[in-house]
Structures are given as structure tokens and as C-alpha cells.
Amino acid sequence: MDADAIRFARYGFSMNCTNDYALKESKINLVVGDMGNLIPLLEDIQAGRFNMQSPGRYSGVQLFSAADVIERFEVVKGANKEMKGALKATYSEGH
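The shown structure was predicted, so the numbers you read here are calculated from the model rather than taken from an experiment. (Residues numbered from 1 in each chain as written. Predicted model: local features only at pLDDT ≥ 70, side-chain atom pairs only at ≥ 80, totals over all residues. Heavy atoms only, no water.)

A. Expanded view of the overall build of the protein. If you tally the helices and strands in the protein, you get five helices and three strands. Its helices and strands in sequence order give the protein the pattern α-β-α-β-α-β-α-α, from N to C terminus. Rg of the C-alpha trace for the protein: 13 Å, near the compact-globule value of 12 Å for 95 residues, within the 12% margin. Along the first, second and third principal axes, the C-alpha set of the protein runs to 40 × 25 × 25 Å. For the protein, buried positions account for 32% of its 95 residues. When contacts within the protein are restricted to residue pairs at least 6 apart in sequence, long-range pairs at least 24 apart make up 43% of them. Just so you have it, the protein exposes about 6100 Å², and 52% of that area is on carbon and sulfur atoms. Put simply, the protein has 11 plus and 12 minus side-chain charges, and the middle of one group is 3 Å from the middle of the other. (Helix = DSSP H or I, 4+ residues; strand = E, 2+ residues; numbered from the N terminus. Rg over C-alpha atoms; globule rule 2.2 N^0.38 Å. Buried < 20%, exposed > 50% of the residue type's maximum accessible area, 1.4 Å probe, protein only. Contact = heavy atoms within 4.5 Å. Areas by Shrake-Rupley, 256 points an atom, 1.4 Å probe, with all protein chains shown as cover. Lys, Arg positive; Asp, Glu negative; His and termini not counted. Charge placed at Lys NZ, Arg CZ, Asp CG, Glu CD.)

B. How the structure looks around the pairing of strand β2 (residues 28–32). Burial analysis of β2 places five of its five residues in the buried class, which makes it a mostly covered element. Neither face of β2 is open: one carries I28, L30 and V32, the other N29 and V31, and all of them are buried. Between the parallel pair strand β1 (residues 13–15) and β2, the chain is carried across by helix α2 (residues 20–25), and the sense of this crossover is right-handed. Bridging between β2 and strand β3 (residues 61–65) involves five bridges; their strand directions are antiparallel. The partner of I28 across the bridge, within β3, is S65. (Right-handed = clockwise from strand over helix to strand, strands pointing away. Pairing = 2+ DSSP bridges.)

C. Structural view of helix α3 (residues 39–47). Every buried residue belonging to α3 is among L41, D44 and I45, and all of these are buried. Looking straight down α3, one finds that the buried residues subtend no more than 100 degrees of arc, so they occupy a single side. For α3, the secondary structure elements touched by its buried residues are β1, β2 and β3. Positive backbone phi, at 75 degrees, marks G48, one or two positions downstream of α3. (Arc of directions from axis to C-beta.)

D. Examining the sheet that holds β1 more closely. Spatial ordering of the open sheet is given by β1-β2-β3, a layout of three strands whose pairing is mixed. Edge strands, defined here as strands with exactly one partner in the open sheet, are β1 and β3. Ignoring strand direction, the axes of neighbouring strands in this sheet form an average angle of 20 degrees. Of the strand pairs in this sheet, β1 and β2 are connected by three bridges, and their pairing is parallel. Residue pairing for β2: M15 is matched across the bridge by L30. (Axes fitted to C-alpha atoms, helices over the stretch in contact; angles between N-to-C directions.)

Read these as geometric descriptors, not functional statements.
So this is what it looks like as C-alpha cells:
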């Protein structure tokens, strides 16, 4: 199951996740429609300068901490579900 992999991973990211267990084990949850928007975030992680307090640097990416997931679970899950649905609609139309 994804939740175990996320729980024991060094960073434990989930992306556009709607699985309750995996989402609750995420240290950081990302909601993103364009994978190109992840480049600055991944560069900062690699360089050791990633900061959840500066989400504006990662335009096009919604970041949720583990605390956000716990405190606002339905909101976070809803944001993930909405993005997942938008992506499915886009790619099912043959774009």
C-alpha cells in the first residue's frame, strides 16, 4: 500500500492524493496540475533550502503540511480530488 511507502520514506510526499491512508501518512502533500511547476521545489529540496513557510516561491503548487492534513483533512482531500478530476478530464479529452 502507498501509505507504508510514504510513512517510511525520508520525505514522504504525496501528490494529488485521494487515498485517506496515504494522505494521512504524508509529511507533505502537493496539489499540482503541471509537473513543470515542481522544478523549483525539487531544486530547493536537493539544495537543502526547501521551506514550507515560502509557498509563494512554488507557484502553481499547493503545499499542505502533515499538520494541515490532520487539522483540515476534508479541505486537503477536496483540493486533491478537484485537481485529480481536472487532470483526468483534460487527459481523457485527448489533450
